[in-house]
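# Working through the structure, step by step
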Amino acid sequence: MLQQLQAMTARFAPVDLAADVTALPPNERRALAALVEAAKVLDALFLRQVWAGNETMLLALLGDQSDLGRARLRYFLINKGPWSRLDDNEPFVPGAPAKPPQANFYPAGASKQEVEAWIGTLSPAERVSATGFFATIRRDSDGRLTTVPYTLEYQGEIAQVAARLREAATQTGQPTLRAFLESRADALMSNDYYASDVAWMELDSSIEPTIGPYEVYEDEWFNYKAAFGAFITIRDDVETARLARLGAERQEIENNLPIDPKYRNPTLGALAPIRVVNTVFSSGDANKGVQTAAFNLPNDERVIAEKGSKSVMLKNNQEAKFRMVLQPIARVALSTADQGNVAFDAFFTHILMHELMHGLGPHSITVGTRETTVRYELKETYSAIEEAKADVSGLFAVQFLLNRGTLDASLSRTVHTTFLVSIFRSLRFGLNEAHGCGVAIQLNYFLDNGGVTVASDGTFSVNPGRMRQNVIDLTRRIMTLQAVGGYADAVAMIETLGRVRPEVQVVLDRLRDIPVDIEPRFVTAEALLAGAAQ
Ligand code: ZN
């Protein structure tokens, strides 16, 4: 039991996650420390959102000093509850029930059918709040279902968080940060997040906090209810400037895509904002199981319609994943010669290009005389095909920018091999997930067309010349399939290429003891709080 738990925990490699805050003046550091304190409150709040029994179980685990007790506590904190998120939520603490799919957003004992039927009886206005992001469903004293706003449900914690945000707002000298913190504190107290989501989109500050109720995945019944989480980060100015330079090349990349010119978009819209940041602290829904490496918010359609959405890339998280997961995979999966061609700069540059390329290529298309979209035509195959497109055309874009001298020449040696390692990392999360299926398509295409080869000892290598041509050809094939809305071709592509072949499985089996992800220790946040306490 102890051994099994230790093996499960070992899949998360402990790592010190640091961010350089030396450039911040003392008042901004005090603001940052207050934000870390605000974020800490959300850990307890999120535990309660996941399961009503979580806080009691945590207290019991804290009191158990045995080796087994300590191992359970550590894995509980990684998973934010007694269920292993990497193993289909298998419980690992005795006495834990099956993970409730409705989390703690609906009354204990209520069935999904009962809640659905009740929602059906509501007036349109009542239905909006009952199905909204920021309210739980409870029973009143007569046992009837009723809507409880987060302001009431979580009032104790919310008041603490709002106070910390206001404290940070008084410290900072950065106007857009102050505006966000004050409006987010107001939102927590009023349950109306619209203005603060807009202020978050307008942030232009060395400190980039994301804090509040956001993602709805924990509510597996309806995906209605937002879980509390926080990413307290600082902006990486060097990478942000580099990204702006790459973003400026988007139209040039589009104009040179290896597809029929009639499928190219002559006027791309404005680039959605992308920030590169380093994590100082994360909590709640933003720090559970596998760590987030990038996110896109807000989720409020009104804000998206008016302001768009913003992508945030967590650079130090990516760097830690690269060091603790990618590099060990490279030592097992690659030939000795290829192991020297794996580099973080290549990994991170390709992730940036992947994000940019989602916006390029066919989206709104014409099938016959019908105006439609790639998403609509490709149906359930859309996500895997679109992820494969972003990856392979991201490589195409790197090749194109290398030819133009826009990117550092060392990438021509490292970008393909580093991506090959990244393919193995993604395959470990399974083919049911869009990214996993997308990388399987690419790997098999490269194997069939000579860009990637397998040696007799089972290790993989890149053939650079063939690989560059494979990247162009596969980009053309996928984007043309998208341009014509080729659903049948997409199904066939996933059928034939979206698989783990025996020679790939051999490598995946050899990766068993390599961590799947990281368990961050927020050393910069700890130092900040220690400094603030003095
Ligand atoms: Zn993507």
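Residue positions are given per chain, counting from 1 as you read along its sequence in written order. Local features in a predicted model are, by the rule used here, given only for residues with pLDDT of at least 70; side-chain atom pairs are given and counted only at 80 or more, and totals for whole chains, interfaces and linings are based on all residues. The basis for the side-chain values is all heavy atoms of the structure; hydrogens and waters are excluded.

## Concerning the coordination of the zinc ion
The donor definition counts N, O and S atoms within 2.8 Å of each metal and applies 3.2 Å to Na, K and Ca; water is not among these atoms, so some sites may look incomplete. Coordination of the zinc ion by the protein comes from His 354 (NE2), His 358 (NE2) and Glu 387 (OE), over a distance range of 2.1 to 2.2 Å. Read from N- to C-terminus, the donor residues coordinating the zinc ion fall into the pattern H-x3-H-x28-E. A residue pair is termed long-range when its members are at least 10 positions apart, and His 354 in helix H16 (residues 344-358) and Glu 387 in helix H18 (residues 382-403) qualify at 33 residues. Exposure class is identical for His 354 and Glu 387. Each is buried. Going along the chain from the N terminus, every DSSP run of H or I of four or more residues is numbered as a helix, and every run of E of two or more is numbered as a strand. The rule is simple: take the accessible area with a 1.4 Å probe, protein chains only, and divide by the maximum for that residue type; under 20% is buried, over 50% is exposed, in between is partly exposed.

## Comments concerning helix H20 (residues 434-449)
The span one expects for a helix is its residue count, reduced by one, times 1.5 Å. For H20, which comprises 16 residues, the first-to-last C-alpha distance of 23 Å matches the rise-based estimate of 22 Å (1.5 Å per residue) to within 8%. Most of H20 is tucked away: 13 of the 16 residues are buried. Following H20 by one or two positions, Gly 450 has its phi on the positive side, about 90°.

## Overview of the sheet that holds strand S7 (residues 228-235)
One key point about sheets: their strands pair by backbone hydrogen bonds, in either a parallel or an antiparallel sense. The strand order across the open sheet built from 5 strands is S6-S7-S8-S10-S9, with neighbouring strands paired in mixed fashion. In this open sheet, the two edge strands, each paired with only one partner strand, are strand S6 (207-213) and strand S9 (294-297). Each neighbouring strand pair of the sheet contributes to a mean axis angle of 35°, computed without reference to strand direction. DSSP bridges decide pairing: two strands pair if at least two such bridges lie between them. Pairing of S9 with strand S10 (residues 310-314) involves 4 bridges; the strand directions are antiparallel. Directly across from Asn 296, in S10, lies its bridge partner Ser 311. What makes two residues a contact is simply this: any of their non-hydrogen atoms within 4.5 Å. To define axes, lines are fitted to C-alpha atoms, for helices over the stretch in contact only, and angles between the resulting N-to-C directions are given on a 0 to 180 degree scale. Running at roughly 10° to S6, helix H9 (residues 175-190) makes contact with S6 and S7 of the sheet. Those strands touched by H16 are strand S8 (274-284) and S10, and its axis lies near 170° from that of S10.

## A word on the pattern of salt bridges
By salt bridge we mean one thing: a side-chain nitrogen of Lys or Arg within 4 Å of a carboxyl oxygen of Asp or Glu. In the structure shown here, the tally under the stated rule is 39 salt bridges. With a closest N to O distance of 3.0 Å, Arg 521 and Asp 16 form a salt bridge. With a gap of 505 residues between them, Arg 521 in strand S15 (residues 517-521) and Asp 16 in strand S1 (residues 12-16) connect regions that are remote in the sequence. Note that Glu 386 and Lys 389 form a salt bridge whose closest N and O atoms lie 3.1 Å from each other. Pair noted here: Glu 386 and Lys 389 are both in helix H18, with a separation of 3 residues, about one helical turn.

## Section: the nonpolar core
Each nonpolar core is a collection of buried residues, namely Ala, Val, Leu, Ile, Met, Phe, Trp, Tyr and Cys, held together in the definition by side-chain atoms within 4.5 Å. Among the nonpolar cores identified, the biggest contains 76 residues, and Ile 253, Phe 424, Leu 443, Phe 446 and Phe 460 are the most heavily contacted of them. The element that contributes the greatest number of residues to this core is H18, accounting for 12 residues. If we skip the residues at most four places from it in the chain, Phe 424 touches Ile 329, Ala 333, Leu 443, Phe 460, Val 504, Val 507, Leu 508 and Leu 511. By size, the runner-up hydrophobic cluster in this structure holds 74 residues, among which are Val 36, Ala 103, Leu 122 and Ile 518.

## Notes on the packing of aromatic side chains
Under the pairing criterion, centres of Phe, Tyr and Trp rings, with the six-membered ring standing for Trp, must be within 6.5 Å; the plane angle then separates stacked pairs below 30 degrees from edge-to-face pairs above 60, leaving the rest tilted. The tally for this structure, following the rule as stated, stands at 21 aromatic pairs. When the centroid spacing of 5.3 Å and the interplanar angle of 70° are considered together, the rings of Trp 51 and Trp 83 count as edge-to-face. Note that Trp 51 is positioned in the loop between helix H2 (26-50) and helix H3 (54-62) and Trp 83 in strand S2 (residues 83-84), a separation of 32 residues in sequence. On the accessibility criterion, Trp 51 (16% relative accessible area) is buried. Relative to Phe 460, the ring of Phe 424 lies with its centre 5.0 Å away and its plane at 85°, an arrangement referred to as edge-to-face. Here Phe 424 is found in helix H19 (residues 411-427), whereas its partner Phe 460 is found in strand S14 (residues 460-462), with 36 residues between them in sequence.

## A few points about H19
Because an α-helix packs 3.6 residues into every turn, residues spaced three or four apart end up facing the same way. An ideal rise of 1.5 Å per residue puts 24 Å on 17 residues; H19 measures up with 23 Å between its terminal C-alpha atoms. Most of H19 sits out of view: 15 of its 17 residues are buried.

## Concerning the pairing of S7
Along S7, 7 of the 8 residues are buried, which leaves the element largely enclosed by surrounding structure. Relative to S7, S6 runs antiparallel, the two being bridged by 7 bridges. Bridge pairing in S7 links Ile 211 to Ala 230. Across 7 bridges, the pairing between S7 and S8 is antiparallel. Opposite Ala 230, over in S8, you have Ser 283 as the bridge partner.

## As for the packing of H16 against H18
For the pair H16 and H18, interaxial distance at closest approach is 8 Å and the crossing angle is 115°. At the point where H16 passes H18, the crossing takes the right-handed sense. In contact with Thr 349, His 350, Met 353, His 354, Met 357 and His 358 of H16, H18 contributes Glu 386, Glu 387, Lys 389, Ala 390, Asp 391, Ser 393, Gly 394, Leu 395, Ala 397, Val 398 and Leu 401. Polarity classes work like this: nonpolar for Ala, Val, Leu, Ile, Met, Phe, Trp, Tyr, Cys and Pro, charged for Asp, Glu, Lys and Arg, and polar for all others, with Gly in that last group. Of the residues assigned to the contact of H16 with H18, the class counts are 7 nonpolar, 6 polar and 4 charged. Handedness of a helix crossing follows the sense of rotation of the near helix relative to the far helix, less than a right angle counterclockwise being left-handed and clockwise being right-handed.

## Remarks on empty space enclosed by the protein
Buried and open spaces are told apart on a 1 Å grid over the protein atoms alone, a cavity being a set of points where a 1.4 Å probe fits but cannot get out and a pocket being an open set with protein on both sides within 12 Å along at least five of seven lines. Residues with an atom within 4 Å of a point are the lining residues. Grid points are joined across faces, edges and corners, and a volume is the space filled by probe spheres set on the points. Counted under the stated rule, the structure contains 1 cavity of 30 Å³ or more. Every residue lining the largest cavity is listed: Phe 133, Phe 134, Arg 184, Tyr 193, Asp 197, Pro 213, Tyr 214, Pro 298, Asn 299 and Asp 300. Across the lining of the largest cavity, the residue classes tally to 6 nonpolar, 1 polar and 3 charged.

## Topic: the pairing of strand S12 (residues 370-373)
Pairing analysis gives 4 bridges linking strand S11 (residues 364-367) to S12, with the strands arranged antiparallel. Of the residues in S12, the one forming a bridge with Thr 366 is Glu 371. With antiparallel pairing between neighbouring strands as the criterion, S11 and S12 make up a hairpin whose turn holds 2 residues, including Gly 368 at a positive phi of roughly 65°.

## As for the side chain of Ser 422
The residue Ser 422 is located in helix H19 in this model. Once residues within four sequence positions are removed from consideration, Ser 422 is found in contact with Leu 326 and Phe 347.

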